[in-house]
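Summary of the model geometry
If you want the building blocks of each chain, they are given just below.
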Amino acid sequence: MEFNEQPLSYAEAVAQVVKYERMYKIRSEDFFESLDKGTVNVDVHPDDLYEWRSYFSFKSDLDARLAALLRENGDAIEEVEYSISGGVQPRMKAHSAAANNNLALAA
Amino acid sequence: MDYDEYKNLLRAIKKNFGKDLGIKWNVPSLQPVPDVVSPDIIGWRLKWAGVFVADKHYICVREHWQGSSKDPISRQFFSYHYGPYIRLEGLDDARWKAVVARIDSVSYSGRGPHIHDNDKDKRIFQDQLTDPDLSQFDIPKFIECAIKTRRAQTVTQAFDLRFK
């Protein structure tokens, strides 16, 4: 049986999350929190909702794994800029060779 | 379940729910997700459509499998869709416009998963049902129920929905 296998990169997960945030004009964190609380007032197509949640879940997990590694290495993320109105890529600044290497891996 | 076991599961589904039922399956789209800090994968995504060419209906299943640093990879959420299609191309990625039955594991306001009954806006939530447990549906079980709707059963009958 044939499979169409294409790994999902961190960069693609981020790009997809940004796409849905721009489409529905709301940050992922705010949207999913309001969905849980029952206060959501954005009508999201069920297919978009599924895809958005899936990409956001993987992105969040990868962010957490990267942050944990940086903490274990004694490094710290100094600043995180993440904007739905900005560029497609999140901009992360870290100051150490190890951190930069890890970020390069993530991209 | 690991990635190879999952692929074997899909092979079994294609074998057991295929031509005999009139379903022609597309090539499954699988997206393994590599970890950024290790050589492992942390999960995968599935999109897979199968068509009943005879009457222009299709099934589209999507599953999201993910693990964590503490827990092994397991299915976290899913959507199983059955309904008519207009264009055959791109069914795996298409946004659906019409539906016969669809189970979404997404929970609105903590009401649990829901099932659509012939309408995008007609959702029956888990908290309205005593049975079945929608979160326990898997691809084979959904296909079996979808087949029942093709045999003139209503969604309530086919999925054996028991209302509170």
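The rules behind the values
- Residues numbered from 1 in each chain as written.
- Chains lettered and ligands numbered in written order.
- Predicted model: local features only at pLDDT ≥ 70, side-chain atom pairs only at ≥ 80, totals over all residues.
- Helix = DSSP H or I, 4+ residues; strand = E, 2+ residues; numbered from the N terminus.
- Rg over C-alpha atoms; globule rule 2.2 N^0.38 Å.
- Buried ≥ 20, exposed ≤ 12 C-beta atoms within 10 Å, placed from the backbone.
- Contact = placed C-beta atoms within 7 Å.
- Nonpolar A, V, L, I, M, F, W, Y, C, P; charged D, E, K, R; others polar.
- Pairing = 2+ DSSP bridges.
- Expected span 1.5 Å × (residues − 1).
- Arc of directions from axis to C-beta.
- pLDDT = per-residue confidence, 0-100.
- Core = buried A, V, L, I, M, F, W, Y, C linked by C-beta atoms within 7 Å.

Once that is clear, we can look at the overall build of chain B. The number of helices and strands found in chain B is three helices and 10 strands. Secondary structure elements of chain B, listed N to C terminal, follow the sequence α-β-β-β-β-β-β-β-β-β-α-α-β. The C-alpha radius of gyration computed for chain B amounts to 16 Å, which stays within 12% of the reference 15 Å derived for 164 residues, consistent with globular compactness. Based on the C-alpha atoms only, the size of chain B along its principal axes is roughly 50 × 35 × 25 Å. Split into buried and exposed, the 164 residues of chain B put 35% on the buried side.

It is worth spelling out the overall build of chain A at this point. The helix and strand tally for chain A stands at four helices and three strands. Ordered by position from the N terminus, the helices and strands of chain A form the series β-α-α-α-β-β-α. Within chain A, the fraction of its 107 residues that count as buried is 26%. Expressed as a percentage of contacts within chain A between residues at least 6 apart in sequence, the contacts between residues at least 24 apart total 55%.

A few words on the interface of chain B and chain A. By a frequent convention, interface size equals the accessible area lost on bringing the separate parts together. The interface is formed by 30 residues belonging to chain B together with 30 residues belonging to chain A. Contributions of two or more residues to the side of chain B that touches chain A are made by helix H1 (3-16), strand E2 (29-34), strand E3 (41-52), strand E4 (57-66) and strand E5 (74-84) of chain B. In the side of chain B that touches chain A, the residues fall into 13 nonpolar, nine polar and eight charged. The pairing of strand E1 (residues 4-5) of chain A with E2(B) spans two bridges and is parallel. Paired with Asn4(A) across the strands is Ser29(B), a residue of E2(B).

As a further point, take unusual backbone geometry. Residues and elements named next belong to chain B. Of note, the amide linkage connecting Asp 131 to Pro 132 takes the cis form, showing an omega dihedral of 0°. Phi at Lys 56 is positive, roughly 55°, even though this residue is not glycine. Mapped onto the secondary structure, Lys 56 falls in the loop between E3 and E4. In the Ramachandran plot, Asn 118 falls in the positive-phi region, its phi being about 65° despite a non-glycine side chain. Take Asn 118: it is sitting in the loop between strand E7 (114-117) and strand E8 (123-125).

Residues and elements named next belong to chain B. With 12 residues, helix H2 (residues 139-150) should reach 16 Å at 1.5 Å per residue; the first-to-last C-alpha distance of 17 Å fits that figure. When we look at burial in H2, the residues that qualify are Ile 139, Phe 142, Ile 143, Cys 145, Ala 146 and Thr 149. Along the axis of H2, the buried positions cluster into a sector of 165°, meaning they face one direction only. Buried residues belonging to H2 abut H1, E4, E5, strand E6 (101-104) and helix H3 (155-158). After H2 finishes, the residue Ala 152 shows a positive phi value of roughly 70°.

To continue, consider the confidence of the model for chain A. Taken residue by residue, chain A gives an average pLDDT of 79. The fraction at 70 or more is 68%. For the stretch residues 88-107 of chain A, pLDDT sits under 50, and the model shows 36 contacts to residues farther than four places along the chain or on other chains.

A few words on the nonpolar core. Among the nonpolar cores identified, the biggest contains 49 residues, and Ala13(A), Val17(A), Ile59(B), Val61(B), Ala101(B), Phe142(B) and Ala146(B) are the most heavily contacted of them. Here this core gets eight residues from one element, more than from any other, and that element is helix H3 (residues 46-72) of chain A. Among all residues touching Ala13(A), those that are not within four sequence positions of it are Leu8(A), Tyr55(A), Phe58(A) and Lys59(A).

Residue and element names in this part refer to chain A. Relative to the helices and strands, Ser 60 is located in helix H3. Exposure remark for Ser 60: the 15 C-beta atoms within 10 Å place this residue in the partly exposed category. Separated by 59 residues in the primary sequence, Ser 60 and Met 1 have C-alpha atoms spaced 32 Å apart.

Moving on, we come to the environment of Asp55(B). Here Asp55(B) lies in the loop between E3 and E4. Take Asp55(B): there are 9 C-beta atoms within 10 Å of it, and that puts it in the exposed class.

On any regular strand, side chains alternate: one points to one face of the sheet, the next to the other face. Residue and element names in this part refer to chain B. Two strands pair when backbone bridges link them, and E6 and E7 are joined in this way by four bridges, in the antiparallel orientation. Bridging from a neighbouring strand, Ala 101 pairs with Asp 117 of E7. Between E7 and E8, which pair antiparallel and follow one another directly, the connecting turn spans five residues, one of which, Asn 118, has a positive phi of 65°.

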